[in-house]
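Inside the fold
Below, each chain spelled out in residue letters.
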Amino acid sequence: MVMQRTLLTFLDDLYEDLELWYPRLRLEEARYTLRLAALELKTYKGKHGYPAKADLLIGDSRSVDFCGLLIPGGFMPDKLRREAKVLSLTREFFEQGKLVAFICHGGWITISAKILDGKRATGSLGIKDDLENADAIWVNEPVVVDGNLISSRTPVDLPAFGKAMVDFLKRS
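This report concerns the structure included in the present document. (Residues numbered from 1 in each chain as written. Predicted model: local features only at pLDDT ≥ 70, side-chain atom pairs only at ≥ 80, totals over all residues. Heavy atoms only, no water.)

Across its full length, the chain holds six helices and 11 strands. Taken over the C-alpha trace, the chain has a radius of gyration of 14 Å; the compact-globule value for 172 residues is 16 Å, and the two agree within 12%. Projected onto its principal axes, the C-alpha positions of the chain cover 35 × 35 × 30 Å. Residue burial in the chain is summarised as follows: out of 172 residues, 54% are buried. Within the chain, contacts between residues at least 6 apart in sequence are counted, and of these 65% link residues at least 24 apart. With an accessible surface of roughly 7,800 Å², the chain has 52% of that area assigned to carbon and sulfur atoms. Charged side chains in the chain number 24 positive and 24 negative. The centres of these two groups are separated by 4 Å. (Helix = DSSP H or I, 4+ residues; strand = E, 2+ residues; numbered from the N terminus. Rg over C-alpha atoms; globule rule 2.2 N^0.38 Å. Buried < 20%, exposed > 50% of the residue type's maximum accessible area, 1.4 Å probe, protein only. Contact = heavy atoms within 4.5 Å. Areas by Shrake-Rupley, 256 points an atom, 1.4 Å probe, with all protein chains shown as cover. Lys, Arg positive; Asp, Glu negative; His and termini not counted. Charge placed at Lys NZ, Arg CZ, Asp CG, Glu CD.)

With that settled, consider the pairing of strand 11 (residues 149-152). Each regular strand shows side chains that alternate between the opposite faces of the sheet. Side chains of strand 11 alternate between two faces, with Leu-149 and Ser-151 and Ile-150 and Ser-152 buried alike. The pairing of strand 7 (residues 99-103) with strand 11 spans four bridges and is classified as parallel. Bridge pairing in strand 11 places Val-100 opposite Leu-149. Two elements, strand 10 (residues 143-146) and strand 11, share four bridges in a ladder whose sense is antiparallel. (Pairing = 2+ DSSP bridges.)

Take Tyr-44: it is sitting in strand 3 (residues 43-45). Put simply, Tyr-44 and Asp-12 are 32 residues apart on the chain and 5.9 Å apart in space, counted from C-alpha to C-alpha. If we skip the residues at most four places from it in the chain, Tyr-44 touches Leu-11, Asp-12, Asp-13, Tyr-15, Ala-38, Leu-39, Tyr-50, Pro-51, Ala-52 and Ala-54. In this structure the side chain of Tyr-44 is engaged in a polar contact, spanning 2.9 Å, whose partner is the backbone oxygen of Glu-40. (Polar contact = N/O pair within 3.5 Å; in protein donor to acceptor, adjacent residues only side chain to side chain.)

For the rest of this paragraph, the subject is the packing of aromatic side chains. The geometry of an aromatic ring pair is captured by two quantities: the separation of the ring centres and the angle between the planes. Under the criterion given, the structure shown has one aromatic pair. Both rings, one in Trp-21 and one in Tyr-50, keep their centres 5.2 Å apart while their planes meet at 70 degrees; by these two values the pair is edge-to-face. Of this pair, Trp-21 sits in helix 1 (residues 17-29) while Tyr-50 sits in the loop between strand 3 and strand 4 (51-53), and the two are 29 residues apart along the sequence. Tyr-50 sits in the partly exposed class, given a relative accessible area of 47%. The lysine or arginine in question, Arg-5, covers the ring of Tyr-32, its NZ or CZ lying 4.0 Å from the ring centre. (Phe/Tyr/Trp six-rings, centres within 6.5 Å; stacked < 30°, edge-to-face > 60°. Lys NZ or Arg CZ within 6 Å of the ring centre and 35° of its normal.)

And the structure:
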């Protein structure tokens, strides 16, 4: 069954707390739900200690079951970018024209998935060189929309990021 109002997000320890919870609440306000996919079904701790419980295994996740993908930052993306299933899912969402939203260091996963060639994107200043080395066009703005890719820099930009995600989903 296709879940048109459900998004997938990746989860592991040291995710950036605000970059998961703010979008989750903003999406819930717009009547979307978020499934938290991880390597194990357990509770993970964010960088600031906030717990989040995985409710789906990454290995069992299928892009066809979701309308979009949210990739929060923190240190979590650096670990999960090494997982083939994370990269294949990210590519599938992108190739299907579904939302691929990433913030701060979440761009590391899109870099490793090799979907940024020639695309406008932003992220933490700490990954600017990585984005450019992946042939993305770096834009220093609160939110950058390029087709189905929506990117943002840091938690300060969360209001613009949340609005851009909901606007995209309403048009889809």
